[in-house]
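The chain contents come next:
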Amino acid sequence: MGTICIRDLEEQIEELRQRMYRMYREDPLNPQVIEVSQTLDELLNERRKQAALLRKK
């Protein structure tokens, strides 16, 4: 994943989180919920990495 500013990541995270919640409410057994959740995890991990790098500066 390329470098993205934290603000952009936070926006993507929130949009994906809302999408995941909507999908879950519509059909909790939808396998795409897990896929979206995994993508969300990746974005959250990237945000943590970038936040840690900023703290080191």
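Cut-offs and rules
- All residue numbers refer to position in the chain's written sequence, counted from 1.
- Local features in this predicted model are restricted to residues of pLDDT 70 or higher, and side-chain atom pairs are both shown and tallied only at a pLDDT of 80 or more, whereas totals for entire chains, interfaces and linings draw on every residue.
- For side-chain calculations, the full set of non-hydrogen atoms in the structure is used, while hydrogens and water are omitted.
- One speaks of a salt bridge when a side-chain nitrogen belonging to Lys or Arg is within 4 Å of a carboxyl oxygen belonging to Asp or Glu.
- Working definition: helices are DSSP H or I runs of at least four residues, strands are E runs of at least two. Numbering for both runs from the N terminus.
- Think of it in three bands: residues with accessible area under 20% of the maximum for their type are buried, residues over 50% are exposed, and the middle band is partly exposed, with areas taken using a 1.4 Å probe on protein chains only.
- Helix axes are fitted only over the stretch in contact, all axes being lines through C-alpha atoms; the angle between N-to-C directions runs from 0 to 180 degrees.
- Small angles under 35 degrees read as roughly parallel and large ones over 145 as roughly antiparallel, with 65 to 115 read as roughly perpendicular and the rest as oblique.
- For any pair of crossing helices, the crossing counts as left-handed if the nearer helix is rotated counterclockwise from the farther one by less than a right angle, and right-handed if it is rotated clockwise.
- Amino acids outside the nonpolar list (Ala, Val, Leu, Ile, Met, Phe, Trp, Tyr, Cys, Pro) and the charged list (Asp, Glu, Lys, Arg) are all regarded as polar, and Gly is one of them.
- Between the first and last residue of a helix there are one fewer steps than residues, each counted as 1.5 Å, and that sum is the expected span.
- Any two residues whose heavy atoms approach within 4.5 Å at even a single point are treated as in contact.
- What we call a nonpolar core is a set of buried Ala, Val, Leu, Ile, Met, Phe, Trp, Tyr and Cys residues that are connected through their side-chain atoms within 4.5 Å.

Asks: Is there a simple way to think about the pattern of salt bridges in this case?
Replies: Side chains that carry opposite charge are capable of pairing whenever their charged atoms lie near each other. Inspection of the entire model under this criterion finds 2 salt bridges. A salt bridge links Glu-10 to Arg-47; the nearest nitrogen and oxygen atoms lie 3.0 Å apart. Taken together, the positions of Glu-10 in helix H1 (residues 6-26) and Arg-47 in helix H2 (residues 31-56) put the pair 37 residues apart, joining distant regions of the chain. The residue Arg-17 makes a salt bridge to Glu-14 at a minimum N-O spacing of 3.1 Å. Of this pair, Arg-17 and Glu-14 are both found in helix H1, 3 residues apart, which corresponds to roughly one turn of the helix. Take Arg-17: its relative accessible area is 25%, and that puts it in the partly exposed class.

Asks: Which parts of the structure should I look at to understand the packing of H1 against H2?
Replies: When two helices pack together, their arrangement is given by the angle between the helix axes and the distance between those axes. Taken N-terminus to C-terminus, the directions of H1 and H2 make an angle of 160°; their axes are 9 Å apart at the nearest point. Considered as vectors, H1 and H2 are oriented roughly antiparallel to each other. Two packed elements cross with a definite hand, and for H1 against H2 that hand is left-handed. The residue makeup of the contact of H1 with H2, split by class, is 14 nonpolar, 5 polar and 5 charged.

Asks: Just checking my understanding: could you explain H2 for this structure?
Replies: For an α-helix, 3.6 residues make a turn, and residues three or four places apart therefore share a direction. Spanning 26 residues, H2 covers 39 Å between terminal C-alpha atoms, matching the ideal 38 Å at 1.5 Å per step. Among the residues of H2, those classed as buried are Val-33, Val-36, Leu-40, Leu-43, Glu-46, Gln-50 and Ala-51. At its buried positions, H2 is contacted by H1.

Asks: So what exactly am I meant to see when it comes to the nonpolar core here?
Replies: Counting residues in hydrophobic clusters, the biggest one holds 9 residues: Leu-9, Ile-13, Leu-16, Met-20, Met-23, Val-33, Val-36, Leu-40 and Leu-43. A per-element tally of this core places H1 first, with 5 residues. If we ignore the near neighbours within four places in the chain, the residues touching Met-23 are Asn-30, Gln-32, Val-33 and Val-36.

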